[in-house]
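Survey of secondary and tertiary structure
Listed below are the residues making up each chain.
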Amino acid sequence: MPVPEGYHVVRRHIRRNPRPSSAKKMSVWTIAGVCALVWLWAHFIGFGDTGTATSNTPAPTASAPAVR
């Protein structure tokens, strides 16, 4: 039985040849961890000045006497 190119025989089973180690990809847990870190950083530290806006309208003062 001929073995196709890129495969080898192990105990009467045809197996694919291993890939080089430079073709590693990020795992699902790594991607989930990075997303969680970004969410936590944004939640607790923030992306910038996203606080409450201050209004520019002047507040009334108590310096003028009340007239009856």
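1. Concerning the overall build of the protein
Helix and strand counts for the protein stand at one helix and two strands. Mapped in sequence order, the helices and strands of the protein form the string β-β-α. A total of 68 residues make up the protein; the buried ones form 1% of that total. Accessible surface, the protein: about 7400 Å² in total, of which carbon and sulfur atoms supply 61%.

2. A short note on unusual backbone geometry
A positive phi angle, close to 50°, is found at Arg11, a residue other than glycine. Residue position: Arg11 is located in the loop between strand S1 (7-10) and strand S2 (13-16). Not every positive phi belongs to a glycine, and Arg12 is a case in point at roughly 65°. The exposure class assigned to Arg12 is exposed, which follows from its relative accessible area of 80%.

3. Re the confidence of the model for the protein
Residues of the protein with pLDDT of at least 70 account for 74%, and the chain-wide mean is 79. When mean pLDDT is taken per element in the protein, S1 scores highest with 92 and S2 scores lowest with 90.

4. Quick word on the pairing of S2
Note: S1 against S2, four bridges, orientation antiparallel. Note on S2: the bridge partner recorded for His8 is Arg15.

5. A few points about a nonpolar patch on the surface
There is a patch of nonpolar side chains on the surface, built from Met1, Val3, Tyr7, Val9 and Ile14 and spanning about 480 Å² of accessible area. Secondary-structure assignment places Ile14 in strand S2.

6. Focus: helix H1 (residues 28-44)
Side chains that are three or four residues apart share a direction in an α-helix, a result of its 3.6 residues per turn. In this model, H1 (17 residues) spans 24 Å end to end at C-alpha, consistent with the 24 Å of a helix rising 1.5 Å per residue. Phi turns positive, to about 95°, at Gly46, one or two residues after H1.

7. A short note on the environment of Arg19
Turning to its location among the elements, Arg19 is positioned in the loop between S2 and H1. Put simply, Arg19 and Gly6 are 13 residues apart on the chain and 9.8 Å apart in space, counted from C-alpha to C-alpha.

Calculation notes
- Starting from 1, residues in each chain are numbered consecutively following that chain's sequence as written.
- Owing to the predicted nature of the model, reporting of local features is limited to residues with pLDDT of at least 70; listing and counting of side-chain atom pairs is limited to 80 or more, with chain, interface and lining totals taken over all residues.
- By convention in this description, side-chain values take in all heavy atoms of the structure and omit both hydrogens and water.
- Runs of H or I in DSSP of at least four residues are treated as helices and runs of E of at least two as strands, each being numbered from the N terminus.
- The buried label applies to any residue whose accessible area, calculated with a 1.4 Å probe on protein chains only, is under 20% of its type's maximum; exposed applies above 50%, and partly exposed to all values in between.
- All accessible-area figures derive from a Shrake-Rupley calculation using a 1.4 Å probe, and residue coverage is judged against the displayed protein chains alone.
- pLDDT expresses, on a scale from 0 to 100, how confident the predictor is about each individual residue.
- Two strands qualify as a pair provided that DSSP identifies no fewer than 2 bridges between them.
- Each patch is built from residues lacking any salt bridge and having more than 30% relative accessible area; the joining distance is 9 Å for like charges and 5 Å for nonpolar side chains (Val, Leu, Ile, Met, Phe, Trp, Tyr).
- Definition used for salt bridges: Asp or Glu carboxyl oxygen within 4 Å of a side-chain nitrogen of Lys or Arg.
- A helix is expected to reach a length of 1.5 Å times the quantity of its residues less one.

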